[in-house]
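A look at the structure
Next come the chains, spelled out residue by residue.
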Amino acid sequence: MMNKFQKTVINIIKCALAGRELDESDLAVISENRNEVIGFAEKQGVLPFFKYFRIFTENGELFHKFAYYVYRDVNQSEGLKEMTEAFEKNGIYCAPLKGSLTKHFYPDSDVRTLGDIDILYKKEQTALLISVMEQLGYEYEGYAAKHEHYRRNGYIVEMHKELLTEQSPAIGYFNDIWSRMTPEDGKEYVYRMNAEDHYLLTVFHLLEHFIRDGIGLRMVLDIYILTEKCKLDFDYIGGVLKELKLDSFEKDIRALAHFWFSPENTSENADRELEDYVLSGGVYGCNDNNTQNAAVIFNSGRRYLLNAIFPSYRIMCSVIPWLHTPVLLPLAWISRWVSVLFHRRQNIKLRFGIADGIDRMNSDEVENRTAFFARWGLKPFNSYSKKQ
């Protein structure tokens, strides 16, 4: 159940968006539990909203944090501009994604923090892309199922070959995404999604995290911001979601977003089960959710590790560009192991920790999580891949 620190942070965001002062009850909670309120907001990636209120600015204690968020926002924005200009110059088709677009609908772009910069490109241009990224000074950090990781100046760039993982029930919707995007003004190779596709990608990306690790305040806040600030064709969006059997899930997430952040909401009747799940972790959920959700699929730590070490041919095809026949699957596994060992070694410890957690879970916990997902007809993504 939501505690008073969490409720206060949500009210801070709500007041910031509405341009209102904080209520006396919120001020009292902040005065008595200042560190807890700040800590929860920082964990959720929404601390920059505190800059709008004197109670957090008058003594200067958070000045260095607020300054860092502005610096990071400028640094990432300049990096994105530099990359898209280089891609335009070199004829690389690209499209900025997700938070890089959504943040411009917020009161100030720095209050919508970015974990990384996401850009879509055409995978047949991978060799040229790698060359250009190297020229720009980015360090390659390895690959995942749908993107490669690059790092420079303290921030990460995810260059997407695909928008969603192969296991996502919505993967087919974006098969022809390039035909639905249009070039930005004055550009030939830098593209932009329409508002409906941007919103749908936001929902589908949220769903990936929801099923894997869980989600936090910021992802729900994105839903509220986009539905309030964008002119969206919900007849079209609803039709796509209904066809994918994700309409009830999106409606419940959107209802929670408006329950939390709309200044016009006066109801106390939240979806408590959904609310508790969202509030249980950080910006991108937590390892406990990852463990419980993995237990729904694999039932044992051993099965989980085997799946992690030896992914299916279909999954590996989305990761390894040269894998075109099952005969090469063992070589693809070896390539992936080497990449993990040198670029993402921390994942090894994480995987074994999750496997151990699965073995420690009791059957009631697994049944409860299974029933929770069943409310929307959802299954953890590996369950969508029986043909692999």
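Residues numbered from 1 in each chain as written. Predicted model: local features only at pLDDT ≥ 70, side-chain atom pairs only at ≥ 80, totals over all residues. Heavy atoms only, no water.

Attention shifts here to the overall build of the protein. From N to C terminus, the protein includes 19 helices and 7 strands. Radius of gyration (C-alpha) of the protein: 21 Å, near the 21 Å computed for a compact globule of 388 residues. Structurally, the protein occupies a C-alpha span of about 65 × 55 × 45 Å along its principal axes. Looking at the protein as a whole, 52% of its 388 residues qualify as buried. Across the protein, every contact between residues at least 6 apart in sequence was considered, and the portion connecting residues at least 24 apart equals 69%. (Helix = DSSP H or I, 4+ residues; strand = E, 2+ residues; numbered from the N terminus. Rg over C-alpha atoms; globule rule 2.2 N^0.38 Å. Buried < 20%, exposed > 50% of the residue type's maximum accessible area, 1.4 Å probe, protein only. Contact = heavy atoms within 4.5 Å.)

Moving on, we get to the pairing of strand β4 (residues 147–152). Two faces make up the sheet, and in a regular strand the side chains alternate between them. Burial of β4 is extensive: 5 of the 6 residues sit out of reach of the surface. Of the strand pairs in this sheet, strand β3 (residues 139–143) and β4 are connected by 4 bridges, and their pairing is antiparallel. Each bridged residue has a counterpart across the sheet, and for Y140 the counterpart in β4 is Y150. The turn linking β3 back onto β4 is made up of 3 residues. (Pairing = 2+ DSSP bridges.)

Taking strand neighbours across the sheet as the criterion, the 5 strands line up as β1-β2-β5-β4-β3 in an open arrangement whose pairing is mixed. Lying at the two open borders of the sheet, with one neighbouring strand each, are β1 (94–96) and β3. Going from strand to strand, the sheet's axes swing by 25 degrees on average, the running direction of each strand aside. With 4 bridges connecting them, strand β2 (residues 117–121) and strand β5 (residues 155–160) associate as parallel partners. Residue pairing in the sheet places L120 in a bridge with H160 of β5. (Axes fitted to C-alpha atoms, helices over the stretch in contact; angles between N-to-C directions.)

Before going further, it helps to spend a moment on the pattern of salt bridges. Inspection of every chain in the model, using the stated rule, returns 23 salt bridges. Put simply, K146 and E208 hold a salt bridge, and the shortest N to O gap is 2.6 Å. Highlighted residues: K146 in the loop between β3 and β4 and E208 in helix α9 (residues 195–212), separated in sequence by 62 residues. Classification of K146 as buried rests on a relative accessible area of 8%. Across the pair R254 and E250 runs a salt bridge whose closest N-O atoms are separated by 2.7 Å. With R254 and E250 both in helix α12 (residues 247–261) and 4 residues apart, this pair spans about one turn of that helix. Of the residues examined, R254 reaches a relative accessible area of 23% and is grouped as partly exposed. Via salt bridges that share partners, D252, D271, E273 and R375 belong to a single interconnected network. (Salt bridge = Lys/Arg side-chain N within 4 Å of Asp/Glu carboxyl O.)

The description of two aromatic rings rests on the distance between their centres and on the angle between their planes. In this structure the tally under the stated criterion is 28 aromatic pairs. Ring geometry for Y173 and F174: centres 4.9 Å apart, planes at 80 degrees, overall edge-to-face. Each member of the pair, Y173 together with F174, is buried. With centroids separated by 5.6 Å and ring planes inclined at 75 degrees, the aromatic side chains of Y199 and F234 adopt a geometry described as edge-to-face. Separated by 35 residues along the polypeptide, Y199 in helix α9 and F234 in helix α11 (residues 234–243) bring together distant segments of the chain. Classification of Y199 by relative accessible area gives buried; the value is 1%. Put simply, the rings of F210, F249, Y277, F372, F373 and W376 touch in pairs and so form one group of aromatic residues. (Phe/Tyr/Trp six-rings, centres within 6.5 Å; stacked < 30°, edge-to-face > 60°.)

Here we take up the packing of α9 against helix α10 (residues 217–229). The interhelical angle for the contact between α9 and α10, taken along N-to-C directions, is 165 degrees, at an axis separation of 10 Å. One element, α9, and the other, α10, form an angle in the roughly antiparallel class. Considering how the two elements wind past one another, α9 and α10 form a crossing that is left-handed. Of the residues in α10, those in contact with H198, Y199, T202, V203, H205, L206 and H209 of α9 are M219, D222, I223, L226 and T227. (Parallel < 35°, antiparallel > 145°, perpendicular 65-115°, else oblique. Left-handed = near helix turned anticlockwise from the far one by under 90°.)

Right, let's talk about the packing of α9 against α12 for a bit. Direction vectors running N to C along α9 and α12 enclose 90 degrees, while the axes themselves pass 11 Å from each other. Classified by the interaxial angle, the pair formed by α9 and α12 is roughly perpendicular. Here Y199, V203, L206, L207 and F210 of α9 come into contact with α12, specifically with F249, E250, I253 and R254. In the contact of α9 with α12, the residues fall into 7 nonpolar, no polar and 2 charged. (Nonpolar A, V, L, I, M, F, W, Y, C, P; charged D, E, K, R; others polar.)

In terms of nonpolar packing, the biggest core is built from 80 residues, with F50, F204, F210, L217 and W260 touching the most fellow members. The leading source of residues in this core is α9, at 9 residues. For F210, the contacting residues outside a window of four places in its chain are I215, F249, I253, L274, Y277, N293, F372, F373, W376 and L378. Of all hydrophobic cores here, the second largest spans 19 residues; its members include I119, M133, Y138 and V157. (Core = buried A, V, L, I, M, F, W, Y, C linked by side-chain atoms within 4.5 Å.)

On to the confidence of the model for the protein, then. Looking at the protein, the pLDDT average stands at 90 and 96% of residues meet or exceed 70. At the low end of the mean pLDDT range in the protein sits helix α16 (residues 313–319), at 79; at the high end sits strand β7 (residues 191–192), at 98. Long-range and interchain partners of residues 383–388, a stretch whose pLDDT sits below 50, account for 12 contacts in this model, where long-range means more than four residues apart. (pLDDT = per-residue confidence, 0-100.)

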